[in-house]
Amino acid sequence: MHRTLTLTACLLASFAAEAVSTTAQITAQSALLGVQLAAKHREAKGGLPAAQNACIQALQPSEFYETTERVVTTSLSASEVAAADRFFSSVPGHKYARQGLLGIYTALGEKAPEPLPAISAAEVKAIDAFAASPAGQALFTRQVLQSPAARDAYDGRARELITRCQAAKPDRAD
């Protein structure tokens, strides 16, 4: 019975993940990583209880999917979302996204957990070609997923998650 429930939950999670664009999934990873690194810093400075930080560190990108999908679909046309998803699903797009994600660590004074992926000359050409496209212009030049409205949406979701984690109580032996 337990195995059936686990299998059902995994299937439902995979269907839910497929309903979210690749672009929104990547954006969710970035948003969550920023929250997690900030929480880690706050705990190190004594401004965040360990139990609350542990709760934040245990969060998954899927906690941001609804928010990031809404931002993506309101910031980009359907054809731009499709083009961005194709790009980010490609090897050059995946490497570009990975570099961006790892760059968050260094931007926040942390050591990245892995080296930046090497990007070949052919992959640079593919990235440049995407950057010149309407979707690339929206994402890279106009930075529509970092607009004030987008940031407000991410921050609002982060506040909800942090508030949920404030209820985390430290484990006690007694």
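Residues numbered from 1 in each chain as written. Predicted model: local features only at pLDDT ≥ 70, side-chain atom pairs only at ≥ 80, totals over all residues. Heavy atoms only, no water.

Could you clarify how one ought to interpret the packing of aromatic side chains in this entry?
Any two aromatic rings considered together are summarised by their centre-to-centre distance and by the angle between their planes. Per the counting criterion, the structure on display carries 7 aromatic pairs. Here the aromatic rings of Tyr96 and Phe140 are separated by 4.7 Å at their centres, their planes lie at 35 degrees, and the arrangement is tilted. Linking Tyr96 in helix 6 (residues 91-107) with Phe140 in helix 8 (residues 134-141), this pair joins segments that are 44 residues apart in sequence. Using a relative accessible area of 31% as the deciding quantity, one classes Tyr96 as partly exposed. Grouped by ring-pair contacts, the aromatic residues Phe87, Phe88, Tyr96, Phe130 and Phe140 constitute a single cluster. (Phe/Tyr/Trp six-rings, centres within 6.5 Å; stacked < 30°, edge-to-face > 60°. Helix = DSSP H or I, 4+ residues; strand = E, 2+ residues; numbered from the N terminus. Buried < 20%, exposed > 50% of the residue type's maximum accessible area, 1.4 Å probe, protein only.)

For this particular structure, what's the right way to read the state of the cysteines?
Among covalent bonds in proteins, the disulfide is the one between the sulfur atoms of two cysteines. Applying the stated criterion across every chain yields a total of 1 disulfide. Residue Cys55 pairs covalently with Cys165 via a disulfide, S to S 2.1 Å. Taking the sign of the S-S torsion, -70 degrees for the link of Cys55 and Cys165, the bridge is left-handed. Here Cys165 lies in helix 9 (residues 148-166) and Cys55 lies in helix 3 (residues 50-57), a separation of 110 residues in the sequence. Classification of Cys165 by relative accessible area gives buried; the value is 0%. (Disulfide = S-S within 2.5 Å.)

Before we go on, may I ask you to explain the pattern of salt bridges in this structure?
Counting across every chain of the model gives 6 salt bridges. Between Glu110 and Lys40 there is a salt bridge whose closest N-O contact spans 2.9 Å. Of this pair, Glu110 sits in the loop between helix 6 and helix 7 (121-132) while Lys40 is found in helix 2 (residues 22-44), placing the two residues 70 residues apart along the sequence. Judged by relative accessible area, which is 41%, Lys40 ranks as partly exposed. (Salt bridge = Lys/Arg side-chain N within 4 Å of Asp/Glu carboxyl O.)

In this structure, what is going on with the environment of Ser75? I would like to understand it.
One can find Ser75 in helix 4 (residues 65-75). With relative accessibility at 23%, the residue Ser75 sits in the partly exposed group. Counting along the chain gives 64 residues from Ser75 to Leu139, while the straight-line C-alpha distance between them is 9.2 Å. Discounting chain neighbours no more than four positions away, the residues touching Ser75 are Glu80, Val144 and Leu145. Side-chain polar atoms of Ser75 contact the backbone oxygen of Val71, separated by 2.7 Å. (Contact = heavy atoms within 4.5 Å. Polar contact = N/O pair within 3.5 Å; in protein donor to acceptor, adjacent residues only side chain to side chain.)

Got a minute to help me understand the layout of surface pockets in this structure?
Rolled over the atoms, a probe sized like a water molecule indicates the empty space that remains. When its volume is computed, the largest pocket comes out at roughly 740 Å³. Considering the residues around the largest pocket, the lining is formed by 23 residues, among which Thr27, Ser30, Ala31, Ile104 and Gln146 are closest to the centre. Of all the secondary-structure elements, those providing two or more residues to the lining of the largest pocket are helix 2, helix 6, helix 8 and helix 9. Per-element accounting of the lining of the largest pocket gives the leading share, 7 residues, to helix 2. Tallied by class, residues from the lining of the largest pocket come to 14 nonpolar, 7 polar and 2 charged. (1 Å grid on protein atoms, 1.4 Å probe; cavity = no way out; pocket = protein on both sides within 12 Å on 5 of 7 lines; lining within 4 Å. Points joined across faces, edges and corners; volume = space filled by probe spheres on them. Nonpolar A, V, L, I, M, F, W, Y, C, P; charged D, E, K, R; others polar.)

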